[in-house]
Amino acid sequence: MKFLDIRIECLEDIKVTSALNQVDTKESLSYISGSVIRGAFINNYIKIFNISDISKDLESKKLFFDNG
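The structure contained in this document is the topic of the report that follows. On a predicted model such as this, the values are computed, not experimentally measured, just so you know. (Residues numbered from 1 in each chain as written. Predicted model: local features only at pLDDT ≥ 70, side-chain atom pairs only at ≥ 80, totals over all residues. Heavy atoms only, no water.)

1. Some details on the overall build of the protein chain
Part 1 of the reasoning: Each helix and strand in the protein chain was counted, giving 2 helices and 0 strands.
Part 2 of the reasoning: Counting every position in the protein chain, which comprises 68 residues, the buried fraction comes to 9%. (Helix = DSSP H or I, 4+ residues; strand = E, 2+ residues; numbered from the N terminus. Buried < 20%, exposed > 50% of the residue type's maximum accessible area, 1.4 Å probe, protein only.)

What follows is the structure, encoded as structure tokens:
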């Protein structure tokens, strides 16, 4: 198993919401969840490699879904 140690420096404030939050509720967290970071990587990967569905692309599937 491989691990990455990544330091993320936010150049501006970020806002992360969930579907469970009410519209008028604001919550401040001192961390960025792993799922948000993973989603950001996947989003950039999709843009860079112009992939429409990563679940159907064999290389993407191996990287993101098969414990790659």
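2. With respect to helix H1 (residues 34-49)
Part 1 of the reasoning: Across its 16 residues, H1 extends 22 Å between first and last C-alpha, which sits within 8% of the 22 Å expected from 1.5 Å per residue.
Part 2 of the reasoning: At the C-terminal side of H1, Asn50 shows a positive phi close to 50°. (Expected span 1.5 Å × (residues − 1).)

3. A short note on unusual backbone geometry
In terms of backbone geometry, most residues other than glycine have negative phi values and most peptide bonds are trans.
Part 1 of the reasoning: The residue Asn50 is not glycine, and still its phi comes out positive at about 50°.
Part 2 of the reasoning: Mapped onto the secondary structure, Asn50 falls in the loop between H1 and helix H2 (58-64).
Part 3 of the reasoning: Classification of Asn50 by relative accessible area gives exposed; the value is 71%.

4. Digging into a nonpolar patch on the surface
Part 1 of the reasoning: Taken together, the side chains of Ile6, Ile8, Ile14, Val16, Ile32 and Phe41 define a hydrophobic patch exposed on the protein surface, amounting to about 520 Å² of accessible area.
Part 2 of the reasoning: Along the chain, Phe41 turns up in helix H1. (Patch = residues over 30% accessible without salt bridge, like charges linked within 9 Å, V, L, I, M, F, W, Y side chains within 5 Å. Areas by Shrake-Rupley, 256 points an atom, 1.4 Å probe, with all protein chains shown as cover. Salt bridge = Lys/Arg side-chain N within 4 Å of Asp/Glu carboxyl O.)

5. Things to note about the environment of Arg38
Part 1 of the reasoning: Turning to its location among the elements, Arg38 is positioned in helix H1.
Part 2 of the reasoning: According to the relative accessible area criterion, Arg38 is partly exposed, its value standing at 38%.
Part 3 of the reasoning: When the C-alpha positions of Arg38 and Phe64 are compared, they lie 9.0 Å apart, and in sequence the two are 26 residues distant.
Part 4 of the reasoning: Excluding anything up to four places from it in sequence, Arg38 contacts Phe64 and Phe65. (Contact = heavy atoms within 4.5 Å.)

6. Regarding the side chain of Ser60
Part 1 of the reasoning: By the secondary structure assignment, Ser60 is in helix H2.
Part 2 of the reasoning: Ser60 sits in the buried class, given a relative accessible area of 0%.
Part 3 of the reasoning: There is a polar contact of 2.6 Å between the side chain of Ser60 and the side chain of Asp57. (Polar contact = N/O pair within 3.5 Å; in protein donor to acceptor, adjacent residues only side chain to side chain.)

7. Side note on the nonpolar core
Part 1 of the reasoning: Grouped together as the largest cluster of nonpolar side chains are 5 residues: Ile42, Tyr45, Ile51, Ile54 and Phe64.
Part 2 of the reasoning: The residues touching Ile51, leaving out its near neighbours within four places in the chain, are Tyr45, Ile46, Asp57 and Ser60. (Core = buried A, V, L, I, M, F, W, Y, C linked by side-chain atoms within 4.5 Å.)

Without other data, these values stay purely geometric and don't point to any function.
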